[in-house]
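Report on the structure
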Number of protein chains: 2
Amino acid sequence: MRKGEETRNRILDVAEAAVLQKGFGGTSIEELIAETGITKSGFFYHFKDKNELAKALLNRYIENDERIYDEIFSRARDLMDDPLQSFLLGLKLLSELLSDLPNGHPGCLVATVCYYERLFDHEIQDTNRNAVLAWRRRFGRMFREIMAVYSPREPVDVDQLADMVSSVLEGGIVLSKTLKEPNTLAEQVLMLRIFVKMLFLPAIESPLVAVRHDQIYGAAGGGGRL
Amino acid sequence: MRKGEETRNRILDVAEAAVLQKGFGGTSIEELIAETGITKSGFFYHFKDKNELAKALLNRYIENDERIYDEIFSRARDLMDDPLQSFLLGLKLLSELLSDLPNGHPGCLVATVCYYERLFDHEIQDTNRNAVLAWRRRFGRMFREIMAVYSPREPVDVDQLADMVSSVLEGGIVLSKTLKEPNTLAEQVLMLRIFVKMLFLPAIESPLVAVRHDQIYGAAGGGGRL
DNA sequence: CTGAAAACTGTACCGCGAGTACAGGAGGGG
DNA sequence: CCCCTCCTGTACTCGCGGTACAGTTTTCAG
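Not measured: the values here are computed from a predicted model. (Residues numbered from 1 in each chain as written. Chains lettered and ligands numbered in written order. Predicted model: local features only at pLDDT ≥ 70, side-chain atom pairs only at ≥ 80, totals over all residues. Heavy atoms only, no water.)

Some remarks on the relation of the copies chain B and chain A
Between the two copies, chain B and chain A, the superposition gives an RMSD of 0.1 Å; the rotation angle is 180 degrees and the shift along the axis is 0.0 Å. Viewed as a symmetry operation, the transformation between the two copies matches a two-fold axis. Residue by residue, 97% of the interface of chain B is reproduced at the interface of chain A, so both copies engage with the same surface. (Least-squares fit on C-alpha atoms with pLDDT ≥ 70 in both. Contact = heavy atoms within 4.5 Å.)

Here we look at the interface of chain B and chain A
Listed as interface residues are 71 residues of chain B and, on the opposing side, 73 residues of chain A. Summing the contributions of chain B and of chain A, the shared interface buries around 6800 Å²; its carbon and sulfur component is 63%. If you sort the residues of chain B by the area they bury against chain A, Y115, M191 and M198 of chain B come out on top, with a joint share of 12%. Residues E154 of chain B and K197 of chain A are paired through a salt bridge, measuring 3.2 Å at the closest nitrogen-oxygen approach. Those elements that provide at least two residues to the side of chain B that touches chain A are α1 (2-22), α6 (109-114), α7 (122-147), α8 (158-179), α9 (183-200) and α10 (207-217) of chain B. Per-element tally for the side of chain B that touches chain A: the top contributor is α8 of chain B, with 16 residues. Classifying every residue of the side of chain B that touches chain A gives 32 nonpolar, 22 polar and 17 charged. (Buried area = accessible area lost by both parts, 1.4 Å probe. Salt bridge = Lys/Arg side-chain N within 4 Å of Asp/Glu carboxyl O. Helix = DSSP H or I, 4+ residues; strand = E, 2+ residues; numbered from the N terminus. Nonpolar A, V, L, I, M, F, W, Y, C, P; charged D, E, K, R; others polar.)

Quick notes on the packing of helix α5 (residues 83-99) of chain A against helix α9 (residues 183-200) of chain A
All names here are of chain A. Relative orientation of the contacting elements α5 and α9 amounts to 170 degrees, with a least axis distance of 8 Å. Between α5 and α9, the angle falls in the class roughly antiparallel. From α5, L84, F87, L88, L89, L91, K92, L94, S95, L98 and S99 reach across to α9, where they touch N183, L185, A186, V189, L190, L192, R193, V196, K197 and F200. For the contact of α5 with α9, the class distribution of residues is 14 nonpolar, 3 polar and 3 charged. (Axes fitted to C-alpha atoms, helices over the stretch in contact; angles between N-to-C directions. Parallel < 35°, antiparallel > 145°, perpendicular 65-115°, else oblique.)

Points about the environment of F120 of chain A
Residue and element names in this part refer to chain A. In this structure, F120 sits in the loop between α6 (109-114) and α7 (122-147). In this structure F120 comes out as buried when scored by relative accessible area, which is 10%. Along the backbone, F120 and K55 are 65 residues apart, and their C-alpha atoms lie at a distance of 9.0 Å. When residues no more than four places from it in sequence are discounted, the contact partners of F120 are F24, N51, A54, V113 and Q125. (Buried < 20%, exposed > 50% of the residue type's maximum accessible area, 1.4 Å probe, protein only.)

What about the environment of V19 of chain A?
If you trace the backbone, V19 of chain A turns up in helix α1 (residues 2-22). For the pair formed by V19 of chain A and L57 of chain A, sequence separation is 38 residues and the distance between their alpha carbons is 9.5 Å. Excluding its chain neighbours within four sequence positions, the residues that come into contact with V19 of chain A are F24, T27, L57, L109 and T112 of chain A together with Y115 of chain B.

Digging into the state of the cysteines
All names here are of chain A. Summed over the entire model, instances satisfying the criterion amount to 0 disulfides over all chains. C108 takes part in no disulfide bond, and the closest cysteine sulfur to it belongs to C114, at a distance of 9.4 Å. When its relative accessible area of 2% is taken as the criterion, C108 is described as buried. (Disulfide = S-S within 2.5 Å.)

Examining the nonpolar core
Ranked by size, the top nonpolar core spans 152 residues in total, and within it F87, F143 and F200 of chain A together with F87, F143 and F200 of chain B carry the most contacts. Once you skip the residues sitting within four places of it in the chain, F87 of chain B turns out to touch F73, F139, M142, F143, I146, V165 and V196 of chain B. (Core = buried A, V, L, I, M, F, W, Y, C linked by side-chain atoms within 4.5 Å.)

Observations concerning α8 of chain B
Residues and elements named next belong to chain B. Helix length check: α8, at 22 residues, gives a terminal C-alpha distance of 31 Å against a target of 32 Å (1.5 Å per residue), a fit within 8%. The buried count for α8 comes to 21 of 22 residues, which makes it a mostly enclosed element. At the N-terminal end of α8, a side-chain oxygen is found 3.0 Å from the backbone nitrogen of D159, two or three residues along, and the residue is D157. Once α8 finishes, K180 follows within two positions and takes phi at roughly 55 degrees, a positive value. (Expected span 1.5 Å × (residues − 1). Polar contact = N/O pair within 3.5 Å; in protein donor to acceptor, adjacent residues only side chain to side chain.)

Here we look at the side chain of N128 of chain B
Tracing the backbone shows N128 of chain B in helix α7. Once residues lying within four places of it in the same chain are set aside, the contact partners of N128 of chain B are T178 of chain A together with L58, V110, V113 and C114 of chain B.

Re the environment of I124 of chain B
All names here are of chain B. Structurally, the position occupied by I124 is in helix α7. Taking the C-alpha atoms as reference, I124 lies 8.2 Å from V113; in sequence the two are 11 residues apart. Look past the residues within four positions of I124 in its chain and what remains in contact with it is N51, A54, K55, L58 and V113.

Side note on the packing of aromatic side chains
Summed over all chains, the structure comprises 21 aromatic pairs over all chains. Where Y116 of chain B meets F120 of chain B, the ring centres are 5.6 Å apart and the plane angle is 50 degrees; that geometry is what we call tilted. Take Y116 of chain B: its relative accessible area is 7%, and that puts it in the buried class. Taken together, the ring pairs connect Y69, F73, F87, F139, F143 and F200 of chain A into an aromatic cluster. (Phe/Tyr/Trp six-rings, centres within 6.5 Å; stacked < 30°, edge-to-face > 60°.)

Section: the side chain of S166 of chain B
Relative to the helices and strands, S166 of chain B resides in helix α8. Not counting chain neighbours up to four residues away, the residues in contact with S166 of chain B comprise L175 of chain A together with W135 and F139 of chain B.

Concerning unusual backbone geometry
Residues and elements named next belong to chain A. Positive phi values are uncommon outside glycine, yet K180 reaches one of about 55 degrees. Relative to the helices and strands, K180 is located in the loop between α8 (158-179) and α9. By relative accessible area, which is 47% here, K180 ends up partly exposed.

What to know about the pattern of salt bridges
All names here are of chain A. One pass over the structure, following the stated rule, counts 30 salt bridges over all chains. The partner of E52 in a salt bridge is K48, with the nearest N and O atoms 3.5 Å apart. On the basis of relative accessible area, E52 is assigned to the partly exposed category, the value being 27%. Across the salt bridge formed by E123 and K55, the nearest N and O atoms sit 3.0 Å from each other. Of this pair, E123 sits in helix α7 while K55 sits in helix α4 (residues 50-79), placing them 68 residues apart in sequence. Assessed through its relative accessible area of 46%, E123 is described here as partly exposed. A relative accessible area of 17% places K55 in the buried class.

Written out as structure tokens, the structure reads:
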């Protein structure tokens, strides 16, 4: 009962790391059992086939993912009353969390499944779809709260704006992994922060930012060639 | 000589579609030769192994990708003198091109390789890395031209800004594929356009945009809920 | 302490797909 | 005519996914 859960989780740990590096097709069961220190029969006792492993892997990943976002943005909500400031802080916290990952972000299972879809059954594809829709709902809810207080400088659709968060995260992960630059992802999150800030806040910058602006572009900000 | 190239390309066509749907590991050579109408020996005459196929596939994809960006943004450059307006037009053209794809974007091979990296040799990983760096250089060049004329409302690093384009594209593809919503990618490109527009253009909108704004949101655009 | 269920191990096997090794054949160009 | 490109055919190896099933150890409830 308890022991079984533990072994199962150990398999999932090993499998997740392998799958994010090599894809599902590139990850062999034999390799998983070797690293877990289990036999083949032991493996198939826990998962009847690879599809079931993928299912468990994806569900666990999504749950964990949701938990992290819950923590970050509820923490940001505790520190800031204003929905916009709280969201901007949340993005900053997220960016910090991402840049603290020692080897960079390992990759997103949702993207892995997305590029492997035809080999899985509909259940997995639906799970994956629902995960993305959950992100849309989560960030959409936050943007709606912001829009109850602030009006956007440009006309935007809330769902598309919410999707922008997911896009930048997924895309940032691909860039970061491909370039082998762990920081790129965190930087992209901060760029997204600038986007949200510009969209809802008037042009007058906060003193701190104004100073950095001058340092980089010169006082008047005119014609910086580089 | 000529015949060989043709067969080779036919294999690559079939392989590209398959790999984008199922990943490299999920695509069998037997399936490729069946669809191409060639024998196994014939296949291995053209590609000595799967790794070589991947290499050819990726190189062809990247070349094609570059060609498309060249066309779109040089066309936009012909129509608009101003670097910012030209870039904004380019994003619009890109968005239109993407929403015209009948079955949505088939997926990006760079992302596929990124999530499959460990199984390929260093050459492929380097090719992939260079492709992303080429995007950075391409869009970076464009943003530098823009910054020679306009100063950004917020301090931004040019490379990070250029990466934002790649992020939104890669992320948008993942979202579009996962959600099975072909339009999402095109919408995300337009969101990126809004970002660039806000970053470089003063809050006062151009007459043309103001008209469309009015049509959608009403004259003052105040307190827009949703 | 016991007994049954849970959590495995061990062995043996099937079929598929990647990849190898060659031998040979069609067709076109110099 | 011959050689080179572009294949086909056959036959094999090997790793891996998956099955089958019998037996063994561990755990925990009563």
